[in-house]
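# Fold and geometry: a report
In case you want the letters, here they are:
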Amino acid sequence: MDDIPLSALLLTLVVLLAMSAFFSLSETAMMASNRFRLRHLAQSGHHGAQKALALLARTDKMLGVILLGNNLVNSAAATLVSVIAIALFGEDKWVLGVGTLAVTFAILVFSEITPKIIGATYADRLAVVLGYILTPLLRFFYPAVWFINLFASVFLKVLHLSPKPGGEASKLSPEELRSLVLESSHLIPQKHHAILSSLFELNTITVEDVMTPRGNIEILDLEQPWEDVKNQLATSHHSRLPTCRESLDQLVGILPVRRLLASLGDPGFDLASLLEQLQPPYYIPARTPVFSQLAFFQENRQRIGFVVDEYGDILGLLTMEDIIEEFVGDFTTSLPGLGQELHWSDEGEAIVEGSRPLRDINRMLGLDFPLDGPKTLNGLILEHFQDIPESGISIKLADVAVEILKTQDRSVVTVRIFRPEPL
């Protein structure tokens, strides 16, 4: 050592610290990398991503070669600092103490903290590059890594720990996957983000949440004069009409209106001809999950059904479009007025129809009305009062100020909602 120039020793120390920094950076970057992004790149033919995934599939071997190199380099650096300190200041005891503190400081700052912060910050970019370097290193040091891991695996068994194979695909729960989508909102268009978020709710909501309430269903009453029946068929904006006698309690069937448009002016078109076109009604239990009902509609080529409670009473009407609109957004005009988006005015107010579903109001206005009871704003207000309220009355529902603007018959027609103050 006496024959080696001091400058060479210092240069060697810098190289050792740089190598230690590389191993620290590699450990953090590889473990913090996004495996889903790496898998996507690998499937696209990126060789660096393929090598990185192969290393992550053998985490014990990858960490073995990284930690082996890191510890060897750090030990060599500590020894070299002691040699340099003795060469500069002699063999006093305080020299070794100062040398130990110096190498500890240098390793912490330049070989541990700084490179690990860089590795965590740019993990995805670095992982695809590190794959090219760590793969040959693992092959070269594989015997030593295997020998070290042999003792490590025995120690893990003593502790009754059995790590999962590194190649096993990470499994995300629906809630975790939904959080992943929500956190990536800045990476995808807002419309796509809204659709994906709604898809995760299809298993948690029922047909009762998205149906058209009974009071909003347009029916064809066969008890009315025949001319009125034909006029309704000619002016209806629906392609199918629930056909009944007086009310839905005496439902007869579903009438495909488009098939009859050409026959409306035919003198021979009568009630018997209309009844021949009727299709039998299909009933859906109110607690049926929306996703299950969507699959049933698709498999059985159905498009419409009546939602019934446990007593068989009709609660509302569900169509394929209702389900699609739940996660795509309104795109039909089957209910004029209800398809309009809700927005807060400059004064922090919104005029809302009483028949508007609470789910729509919560989604469009960012409110938190309860959804475990009534499904519409009208139902929530009637439940609160236990009676038909008068116009002009103001109440608070779920900490939201609500003013009743108009009531008619047995329902609330329009309501003014005031935006709550932020906490």
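See the structure shown above.
All residue numbers refer to positions counted from 1 along the written sequence of the respective chain. In keeping with the model being predicted, local features are shown solely for residues with a pLDDT of at least 70 and side-chain atom pairs are shown and tallied solely at 80 or more, while totals for entire chains, interfaces and linings include all residues. Hydrogens are left out, water is left out, and the side-chain values use all remaining heavy atoms of the structure.

This paragraph deals with the sheet that holds strand β3 (residues 240–245). Read across the open sheet, the three strands follow the order β2-β3-β4; overall the sheet is mixed. Each edge of the open sheet is held by one strand with a lone partner, namely β2 (220–221) and β4 (247–256). The pairing of β2 with β3 spans two bridges and is parallel. Directly across from D221, in β3, lies its bridge partner C244. Here, strands pair whenever DSSP counts at least two bridges between them. A run of DSSP states H or I qualifies as a helix once it reaches four residues; a run of E qualifies as a strand once it reaches two. Both are numbered from the N-terminal end.

Turning our eyes to something else, we now look at the packing of helix α6 (residues 123–140) against helix α7 (residues 142–158). Following both chains from N to C, one finds α6 and α7 inclined at 75°, their axes separated by 5 Å at the closest point. As summarised for this structure, α6 and α7 are arranged roughly perpendicular, according to the angle between their axes. Residues L138, R139 and F140 of α6 form the contact with α7, whose own contacting residues are Y142, P143 and V145. Charged means Asp, Glu, Lys or Arg here, nonpolar means Ala, Val, Leu, Ile, Met, Phe, Trp, Tyr, Cys or Pro, and polar covers whatever is left, Gly included. In the contact of α6 with α7, the residues fall into five nonpolar, no polar and one charged. Axis definition: a line fitted to C-alpha atoms, over the contacting stretch in the case of helices. Angles run 0 to 180 degrees between N-to-C directions. For classification purposes, angles smaller than 35 degrees are called roughly parallel, those larger than 145 roughly antiparallel, those between 65 and 115 roughly perpendicular, and all remaining angles oblique. Contacts are residue-level and defined by heavy atoms, with any inter-residue pair within 4.5 Å sufficient.

Another aspect to go through is the pattern of salt bridges. By definition here, a salt bridge exists when the distance from a side-chain nitrogen of Lys or Arg to a carboxyl oxygen of Asp or Glu is within 4 Å. A full pass over the atoms with the stated rule returns twelve salt bridges. For D124, the salt bridge is made with R37, and the minimal N-O distance between the two is 2.8 Å. Here the residue D124 occupies a position in helix α6, and R37 occupies one in helix α2 (residues 35–43), the gap between them amounting to 87 residues. Only protein chains enter the accessibility calculation, which uses a 1.4 Å probe; a residue whose area is less than 20% of its type maximum is buried, one above 50% is exposed, and one in between is partly exposed. The exposure class assigned to D124 is partly exposed, which follows from its relative accessible area of 23%. Among the ionic pairs, R214 bridges to D249, the shortest N-O distance being 3.0 Å. Of this pair, R214 sits in the loop between β1 (212–213) and β2 while D249 is found in strand β4, placing the two residues 35 residues apart along the sequence. Its relative accessible area of 28% is what places R214 among the partly exposed residues.

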